[in-house]
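# Fold and geometry: a report
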Number of protein chains: 2
Amino acid sequence: MTYRVHVRIVPRAGLLDPQGLAVEHALTALGFTEASGVRIGKAIELAVEAGSLDEARTRTRAMCDKLLANPVTEDYRVEVEAA
Amino acid sequence: MTYRVHVRIVPRAGLLDPQGLAVEHALTALGFTEASGVRIGKAIELAVEAGSLDEARTRTRAMCDKLLANPVTEDYRVEVEAA
């Protein structure tokens, strides 16, 4: 069965995120003064062929550990749904 | 009140995503042959000060339209939760 997987990878809390700071300044300059704590990372969407939802999640976490995320500087979150 | 907002911005369906293709090839080379249709975009997390959850959503969508996303080439999705 095919599962639709959403992965969100963001810089770890406490690590400097220059891109997020730049966007926050730009938002403030545009009048969006209510925005704060902007962090920018990667959003990855993919289809995963697996026998169960749990298997799709496990395989996607393996992909994150091996390729998609940098475990030293990034945290990731995996959401799986039936396609 | 402060709301925690997650924004996911990905290339529109049908548009070429070279980064996604490159990652898909790398996943296949690593043995993750069950992955397909990889699309890569931006994940943005921020805190938004607003009077209600709906207001936080509306303001964040305005941020996406004005700065965060390119409406010609990207789709975005906004998720709001109470912080």
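Okay, so let's go over this structure. For clarity, every value in this text was computed on a predicted model and none was experimentally measured. Residue positions are counted from 1 within each chain, in the order its sequence is given. Chains and ligands are labelled sequentially in the order written, the chains with letters from A and the ligands with numbers from 1. In view of the model being predicted, local features appear only for residues whose pLDDT reaches at least 70, and side-chain atom pairs are presented and counted only at 80 or more, with totals across whole chains, interfaces and linings using the full set of residues. Excluded from the side-chain calculations are hydrogens and water; all other atoms, namely the structure's heavy atoms, are used.

## Let's talk about the relation of the copies chain B and chain A
Mapping chain B onto chain A is achieved by rotating through 180 degrees and translating by 0.0 Å along the same axis, at an RMSD of 0.0 Å. Read as a symmetry element, the transformation amounts to a two-fold axis. For this analysis, residues touch if any pair of their heavy atoms sits within 4.5 Å. Most of the interface of chain B is mirrored in chain A, where 100% of its interface residues are also at the interface. Here the copies are matched by least squares. The fit uses the C-alpha atoms of residues with pLDDT of at least 70 in both.

## Notes on the nonpolar core
If you look at the biggest cluster of nonpolar residues, it comprises 22 residues, and the most contacted ones within it are Val 7, Ile 44, Leu 46 and Met 63 of chain A. Those elements that provide at least two residues to this core are strand E1 (2-11), strand E2 (35-49), helix H2 (53-68) and strand E3 (74-82) of chain A together with helix H1 (18-29) and strand E2 (35-49) of chain B. Once residues lying within four places of it in the same chain are set aside, the contact partners of Ile 44 of chain A are Val 5, His 6, Val 7, Ile 9 and Leu 68 of chain A together with Val 38, Arg 39 and Ile 40 of chain B. What we call a nonpolar core is a set of buried Ala, Val, Leu, Ile, Met, Phe, Trp, Tyr and Cys residues that are connected through their side-chain atoms within 4.5 Å. Whether a residue is buried, partly exposed or exposed follows from its accessible area with a 1.4 Å probe, protein chains only, as a fraction of its type maximum: under 20%, in between, or over 50%, in that order. Counting residues in each nonpolar core, the second largest holds 21 residues, with Val 23, Leu 27 and Ala 35 of chain A together with Cys 64 of chain B among its members. Note on conventions: DSSP H or I runs of at least 4 residues are helices, E runs of at least 2 residues are strands, and numbering of each starts at the N terminus.

## Quick word on the sheet that holds E2 of chain A
Whether two strands pair depends on DSSP finding at least two bridges between them. The sheet built from six strands is open, its strands ordered E3(A)-E1(A)-E2(A)-E2(B)-E1(B)-E3(B) with antiparallel pairing. Of all the strands in the sheet, just E3 of chain A together with strand E3 (74-82) of chain B have a single pairing partner and so form its edges. The sheet shows a mean angle of 25 degrees between the axes of neighbouring strands, direction not considered. The axes used here are C-alpha line fits, helices contributing only the stretch in contact, and every angle between their N-to-C directions lies in the interval 0 to 180 degrees.

## Describing the interface of chain B and chain A
Taken residue by residue, the interface counts 33 residues in chain B and 33 residues in chain A. Summed over both partners, buried area is the accessible surface (1.4 Å probe) that two parts give up on being assembled. Across the interface of chain B and chain A, roughly 3000 Å² is buried in total on both sides, 62% from carbon and sulfur atoms. When the area that chain B buries against chain A is broken down by residue, the three leading residues are Arg 8, Phe 32 and Glu 34 of chain B, summing to 21%. Broken down by secondary-structure element, the contributors of at least two residues to the side of chain B that touches chain A are strand E1 (2-11), H1, E2 and helix H2 (53-68) of chain B. Here the element with the most residues in the side of chain B that touches chain A is E2 of chain B; it accounts for 15 residues. Each residue receives one of three labels: charged for Asp, Glu, Lys and Arg, nonpolar for Ala, Val, Leu, Ile, Met, Phe, Trp, Tyr, Cys and Pro, and polar for the others, Gly being one of them. When its residues are assigned to classes, the side of chain B that touches chain A shows 18 nonpolar, five polar and ten charged. As defined by bridge partners, E2 of chain A adjoins E2 of chain B across eleven bridges and the pair is classed as antiparallel. Each residue of the ladder has a partner; that of Ala 35 of chain A, found in E2 of chain B, is Val 48 of chain B.

## Comments concerning the packing of H2 of chain A against H1 of chain B
Where H2 of chain A contacts H1 of chain B, the two axes come as close as 11 Å, and the packing angle between them is 105 degrees. By the criterion of interaxial angle, the relationship of H2 of chain A to H1 of chain B is roughly perpendicular. Seen from H2 of chain A, the contacting residues are Met 63, Leu 67 and Leu 68 of chain A; seen from H1 of chain B, they are Val 23, Ala 26 and Leu 27 of chain B. A breakdown of the residues in the contact of H2 of chain A with H1 of chain B according to their chemical character gives six nonpolar, no polar and no charged. Note on terminology: angles under 35 degrees are roughly parallel, angles over 145 are roughly antiparallel, angles of 65 to 115 are roughly perpendicular, and the others are oblique.

## Notes on the pattern of salt bridges
Whenever Lys or Arg places a side-chain nitrogen within 4 Å of a carboxyl oxygen from Asp or Glu, that contact is recorded as a salt bridge. Applying the stated criterion across every chain yields a total of 14 salt bridges over all chains. A salt bridge links Glu 45 of chain A to Arg 8 of chain B, with the shortest nitrogen-to-oxygen separation between them at 3.8 Å. In this pair, Glu 45 of chain A is assigned in strand E2 and Arg 8 of chain B in strand E1, connecting two distinct chains. For the pair Glu 45 of chain A and Arg 8 of chain B, a shared accessibility class is recorded, and that class is buried. Of the charged contacts, one joins Arg 4 of chain B and Glu 45 of chain B as a salt bridge, the two residues approaching to 3.8 Å between their closest N and O atoms. Taken as a pair, Arg 4 of chain B in strand E1 and Glu 45 of chain B in strand E2 lie far apart in primary sequence, 41 residues in all. A residue is classified by how much of its surface remains accessible, and Glu 45 of chain B, at 14% relative accessible area, is buried.

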